[in-house]
Amino acid sequence: PYHIYAFLFPMNKFAYLVMFVFVNMWTISIHDGFFLSFDGVINSSAHHAEHHRLFNYNYGQYLTLWDRLFGTHRYPDYPALDPHRDGLKSKPAAGPAASVDDKAKVKAA
């Protein structure tokens, strides 16, 4: 969808390139777990992780303004998002890509 804007709103090719790079870097940063900001105004990866964890909060792309206005803002629960918690790292994989040993561990538990 971002490419359509260049046709609807003509702009300088360098401005388009800068905005394209920004959008890609932003999208990567909110999915990789790197917290750019801990304040409640910028929609950081923690806010986005809460969106994926609970899926009915934090819809904003860049800012939390609209979520705050319409009551869908939820401040991130940082301990629940920590990938190094004991509960997360001690569970063996159980999906189709799991090894036979991992599946046996899941059945035994």
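No experiment lies behind these values; they were computed from the predicted model shown.

Focus: a nonpolar patch on the surface
A cluster of nonpolar side chains, Val41, Ile42, Leu63, Leu65, Trp66, Leu69 and Phe70, forms an exposed patch at the surface whose accessible area comes to about 750 Å². Checked against the element boundaries, leucine 69 lands in helix H4 (residues 65-70). When its relative accessible area of 56% is taken as the criterion, leucine 69 is described as exposed.

Considering the side chain of histidine 51
By the secondary structure assignment, histidine 51 is in helix H3 (residues 45-54). Side-chain polar atoms of histidine 51 contact the backbone oxygen of asparagine 58, separated by 3.4 Å.

Some thoughts on the packing of helix H2 (residues 13-31) against H3
One can describe the packing of H2 onto H3 by two numbers: an axis separation of 7 Å at closest approach and a directional angle of 65°. Here H2 is positioned roughly perpendicular relative to H3, judged by the angle of their axes. Considering how the two elements wind past one another, H2 and H3 form a crossing that is right-handed. Facing H2, whose interface residues are Ser29, Ile30 and His31, H3 presents Ser45, His48 and His52. Split by residue class, the contact of H2 with H3 holds one nonpolar, five polar and no charged.

Parameters at a glance
Residues numbered from 1 in each chain as written. Predicted model: local features only at pLDDT ≥ 70, side-chain atom pairs only at ≥ 80, totals over all residues. Heavy atoms only, no water. Patch = residues over 30% accessible without salt bridge, like charges linked within 9 Å, V, L, I, M, F, W, Y side chains within 5 Å. Areas by Shrake-Rupley, 256 points an atom, 1.4 Å probe, with all protein chains shown as cover. Salt bridge = Lys/Arg side-chain N within 4 Å of Asp/Glu carboxyl O. Helix = DSSP H or I, 4+ residues; strand = E, 2+ residues; numbered from the N terminus. Buried < 20%, exposed > 50% of the residue type's maximum accessible area, 1.4 Å probe, protein only. Polar contact = N/O pair within 3.5 Å; in protein donor to acceptor, adjacent residues only side chain to side chain. Axes fitted to C-alpha atoms, helices over the stretch in contact; angles between N-to-C directions. Parallel < 35°, antiparallel > 145°, perpendicular 65-115°, else oblique. Left-handed = near helix turned anticlockwise from the far one by under 90°. Contact = heavy atoms within 4.5 Å. Nonpolar A, V, L, I, M, F, W, Y, C, P; charged D, E, K, R; others polar.

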